[in-house]
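# Commentary on secondary and tertiary structure
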Amino acid sequence: MKFLCVATIAAAFSSANAFTTGPASLVSPSSPALTNVFNGEGNAHRNRKSTIVMDGKANAIRDRISSVNNTKKITSAMKLVAAAKVRRAQDAVLATRPFSETLQSVFGGLINRLGGEAADLPLLTQREVNKVTLVVITGDRGLCGGYNSFMIKKAEARYKELKAQGIDADMILIGKKGAAYFQRREYPIRKIYDCGQNPNSKQALSISEEIINSFLSGETDAVELMYTKFVSLIASTPSVRTLVPFSASEISQKGDEVFQLTSQDGDFGVERKELEAAEPQDFPNDMIFEQDPLQIVNSILPLYLNGQILRTLQESVASELAARMQSMQAASDNAKALAKTLSQEYNRARQAAVTQEILEIVAGATALE
């Protein structure tokens, strides 16, 4: 029992010595242990890459910078895709130009040969307007700035204008955006078509047949086409023109214009070229036609209408793609500016974290002295 008490007193005495605050109990900065850490034995620590510990805000900024840069890549790619499709639309317009010129030339020659007899054709007859059909061309997709909204507003204003004049009106809608808008508001809709990115003659034929059948059956007295005229890559103009009834003088004397996509110093541009009306073909008075010239003119008019609808569809698609190019360019520029701002904010947060670590190290070193 005595031996146990002596052992307990000795253990307590040694523990008290361990908690003494004498100078010998602290290791000085020049001690061999610290020297080994910072010299030979600390090579592994010295070669280890520095790790910057930052708060959640800096990590969130870094993730957001990565997200913005990825968005910029997507918008830049969409701009290039739209530019390629504009060039394809340009080639389609140029491909249909020879047919339009020949049709215009033959029509002008037949009108000169017939004189006033052509006025008796149903598609050339002007009558009292009690009902108008509006053919509205919009896009199937968004991300193209104000392209769809401008045309929808113009069509809505034209519909209200006709109603204010006491003229009934209905619509033929081409494009999903316009169809969705007017369907939700319960406007009178005659037919709906998809616009697509590559209009073809089959699509234009179905639209022109609906227009001609509606006019010849007396269901409508006039048909107005509302489309977006392609001016340049940064400008498009909503336009209105009367499709039916036709004007013989307008068909034979109206000129045309074509556009061509160009690039210089990495920037896209458009060159427009005005084309004069095709010269009327000369038909001698002694020429004998296998069919009555009136029947020939009556057969040419649907072809002319089909060509005009196809042309306006191509021009509207080109306007939509140009608007999408500008929207994607603006989005890329905004993403670039935002990434720059976020990078500056991230660098400030990183610098603050490094400064805080240095201050903590200095404070610890000072405490050891």
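Residues numbered from 1 in each chain as written. Predicted model: local features only at pLDDT ≥ 70, side-chain atom pairs only at ≥ 80, totals over all residues. Heavy atoms only, no water.

## Structural notes on helix H6 (residues 176-184)
Short version of the rule: Only protein chains enter the calculation, and the probe is 1.4 Å; a residue is then buried if its accessible area is under 20% of its type maximum, exposed if over 50%, and partly exposed in between. A helix here means a DSSP run of H or I that spans at least four residues, while a strand means a run of E at least two residues long, and both kinds are numbered starting from the N terminus. This arc corresponds to the set of directions leading from the helix axis out to the C-beta atoms. Throughout, a contact is declared for two residues whenever any of their heavy atoms are within 4.5 Å.
Here H6 has its buried residues at Gly-178, Ala-179, Tyr-181 and Phe-182. Taken end-on, H6 shows its buried residues confined to a sector of 165 degrees, consistent with a single buried face. Turning to H6, the residues buried within the fold contact helix H5 (147-164), strand S2 (168-174) and strand S3 (189-193). Positioned one or two residues after H6, Glu-186 has a phi angle of 60 degrees, which is positive.

## Side note on the confidence of the model for the chain
Where we set the bar: What pLDDT expresses is the predictor's confidence in each residue, scored from 0 to 100.
Looking at the chain as a whole, its pLDDT mean stands at 76, while 72% of the residues score no less than 70. At the level of individual helices and strands, the chain shows its lowest average pLDDT in helix H1 (residues 2-18), which scores 40, and its highest in S2, which scores 94. Between residues 1-42, whose pLDDT stays under 50, and residues either more than four places distant or in other chains, the model counts 10 contacts. In the model, residues 48-53 has pLDDT below 50 throughout and makes six contacts with residues more than four positions away in sequence or in other chains.

## Overview of the side chain of Glu-224
Condition: Here a polar contact is taken to be a pair of N or O atoms separated by no more than 3.5 Å, where protein atoms must pair a possible hydrogen donor with a possible acceptor and residues adjacent in sequence count only if both atoms sit in side chains.
When you line up the elements, Glu-224 lands in strand S4 (residues 222-232). Within the structure, the side chain of Glu-224 is placed 2.7 Å from the side chain of Arg-158, a separation counted as a polar contact. When near neighbours in sequence (up to four residues on either side) are disregarded, Glu-224 contacts Val-132, Thr-133, Leu-134, Val-135, Arg-158, Val-240, Arg-241, Thr-242 and Leu-243.

## Points about empty space enclosed by the protein
Definition in use: Put simply, the grid is 1 Å and covers the protein atoms alone, a cavity is a trapped set of points that fit a 1.4 Å probe, a pocket is an open set with protein on both sides within 12 Å along at least five of seven lines, and lining residues have an atom within 4 Å of a point. Grid points are joined across faces, edges and corners, and a volume is the space filled by probe spheres set on the points.
As enumerated under the stated definition, the model contains one cavity of 30 Å³ or more in all. Counted as a void, the largest cavity has a volume near 60 Å³. What lines the largest cavity is simply Lys-85, Arg-88, Ala-89, Ala-92, Gln-197, Asn-198, Pro-199, Gln-314 and Val-317. Counting residues per element, the ones that place at least two in the lining of the largest cavity are helix H4 (56-114) and helix H9 (293-368).

## Notes on the nonpolar core
A general trend in soluble globular proteins is that nonpolar side chains are found buried together. The cut-off we apply is this: Residues enter a nonpolar core if they are buried and are Ala, Val, Leu, Ile, Met, Phe, Trp, Tyr or Cys, with the set joined through side-chain atoms within 4.5 Å.
Ranked by internal contacts, the top residues of the largest apolar core, which has 39 residues, are Ile-174, Ile-211, Leu-243, Val-244, Phe-246, Leu-305 and Ile-309. At the level of secondary structure, the elements contributing two or more residues to this core comprise H4, strand S1 (131-137), S2, helix H7 (201-216), S4, strand S5 (235-244) and H9. If one sorts the elements of this core by residue count, H9 sits on top with 11 residues. Grouped together as the second largest cluster of nonpolar side chains are 18 residues, Val-132, Ile-167, Leu-173 and Ala-222 included.

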